[in-house]
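Next come the chains, spelled out residue by residue.
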Amino acid sequence: MRAFLQRPEILEAHARGDPLFLGRRMKASGNPDHLFNTGGSGYTFNRAALELLYDSFDEPFCAPHLHGFWEDVAVADCFKKGPWRLVPRDTRDDTGAERFHMLSPGQHLQYRLAPRDWVTQYSFDLKEGMDYFSVESITFHYLQPDLVRHMDALLHRCER
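First things first, this report covers the structure right here in the doc. Because the structure is a prediction, the values reported are computed rather than measured.

One pass over the structure, following the stated rule, counts 10 aromatic pairs. Measuring from ring centre to ring centre gives 5.7 Å for phenylalanine 21 and tyrosine 43, while their planes differ by 80°; the resulting arrangement is edge-to-face. Of this pair, phenylalanine 21 sits in strand β1 (residues 21-23) while tyrosine 43 sits in strand β4 (residues 43-45), and the two are 22 residues apart along the sequence. On the basis of relative accessible area, phenylalanine 21 is assigned to the buried category, the value being 0%. Tyrosine 43 sits in the partly exposed class, given a relative accessible area of 23%. Between the aromatic rings of phenylalanine 36 and tyrosine 122, the centroid separation amounts to 6.2 Å while the plane-to-plane angle is 90°, which identifies the pairing as edge-to-face. Note that phenylalanine 36 is positioned in strand β3 (residues 35-37) and tyrosine 122 in helix α6 (residues 118-122), a separation of 86 residues in sequence. Here phenylalanine 36 matches tyrosine 122 in class, with each residue buried. Grouping aromatic residues by their ring pairs yields a cluster made of Phe21, Tyr43, Phe45 and Phe79. The residue whose ring lies beneath lysine 27 is phenylalanine 124, and the NZ or CZ to ring-centre distance is 4.9 Å.

What follows concerns the packing of helix α3 (residues 47-56) against helix α4 (residues 71-81). Running from N to C, α3 and α4 point in directions that differ by 90°, and their axes come no closer than 10 Å. The pairing of α3 with α4 is recorded here as roughly perpendicular in orientation. Facing α3, whose interface residues are Ala49, Leu52, Leu53 and Ser56, α4 presents Val75, Cys78 and Phe79. Looking at the contact of α3 with α4 residue by residue, the classes come out as 6 nonpolar, 1 polar and no charged.

Here serine 29, not a glycine, exhibits a phi torsion of approximately 55°, which is positive. Within the fold, serine 29 resides in the loop between β2 (25-27) and β3.

What follows deals with a negative patch on the surface. Taken together, the side chains of Glu51, Asp55, Asp58 and Glu59 define an acidic patch exposed on the protein surface. When you line up the elements, glutamate 59 lands in the loop between α3 and α4.

A few words on the environment of serine 41. Mapped onto the secondary structure, serine 41 falls in the loop between β3 and β4. When the C-alpha positions of serine 41 and glutamate 128 are compared, they lie 17 Å apart, and in sequence the two are 87 residues distant. What serine 41 contacts, discounting residues up to four positions off in sequence, is Arg24, Phe100, His101, Met102, Thr139 and His141.

Rules used throughout
Residues numbered from 1 in each chain as written. Predicted model: local features only at pLDDT ≥ 70, side-chain atom pairs only at ≥ 80, totals over all residues. Heavy atoms only, no water. Phe/Tyr/Trp six-rings, centres within 6.5 Å; stacked < 30°, edge-to-face > 60°. Helix = DSSP H or I, 4+ residues; strand = E, 2+ residues; numbered from the N terminus. Buried < 20%, exposed > 50% of the residue type's maximum accessible area, 1.4 Å probe, protein only. Lys NZ or Arg CZ within 6 Å of the ring centre and 35° of its normal. Axes fitted to C-alpha atoms, helices over the stretch in contact; angles between N-to-C directions. Parallel < 35°, antiparallel > 145°, perpendicular 65-115°, else oblique. Contact = heavy atoms within 4.5 Å. Nonpolar A, V, L, I, M, F, W, Y, C, P; charged D, E, K, R; others polar. Patch = residues over 30% accessible without salt bridge, like charges linked within 9 Å, V, L, I, M, F, W, Y side chains within 5 Å. Areas by Shrake-Rupley, 256 points an atom, 1.4 Å probe, with all protein chains shown as cover. Salt bridge = Lys/Arg side-chain N within 4 Å of Asp/Glu carboxyl O. Lys, Arg positive; Asp, Glu negative; His and termini not counted. Charge placed at Lys NZ, Arg CZ, Asp CG, Glu CD.

What follows is the structure in structure tokens.
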């Protein structure tokens, strides 16, 4: 995450005070005009975005009385419909590989493009196999604690 946040475009946006909404960008129901960062892989925002969200929670455009499991889509809709018209940024690396992962490493490794599958429909230019993973990967979903510790040891604590 630190390396990603040190990228020039992120530093410049932050220095200008721009709100940042970062994560695994997806198209709701395959619609490229309805973007959200999936909650499964996690998403993050800077203080400017957090303040916008906080100030907007009770506004009608944020649908404060709507209840459901789709908090990721609701947060994205609140940002987009708010005063900044904030949408998720593309967080893929320069090769188009993903940094934020909504499935486990094994699930992503085995996944193959399928036109009728939601993962394919909701994604932008999805890659398969090892090409899917950025060397700057940040998060994974569906990991048991032992696997998290094991991956941390392999990726960050082994001598190279």
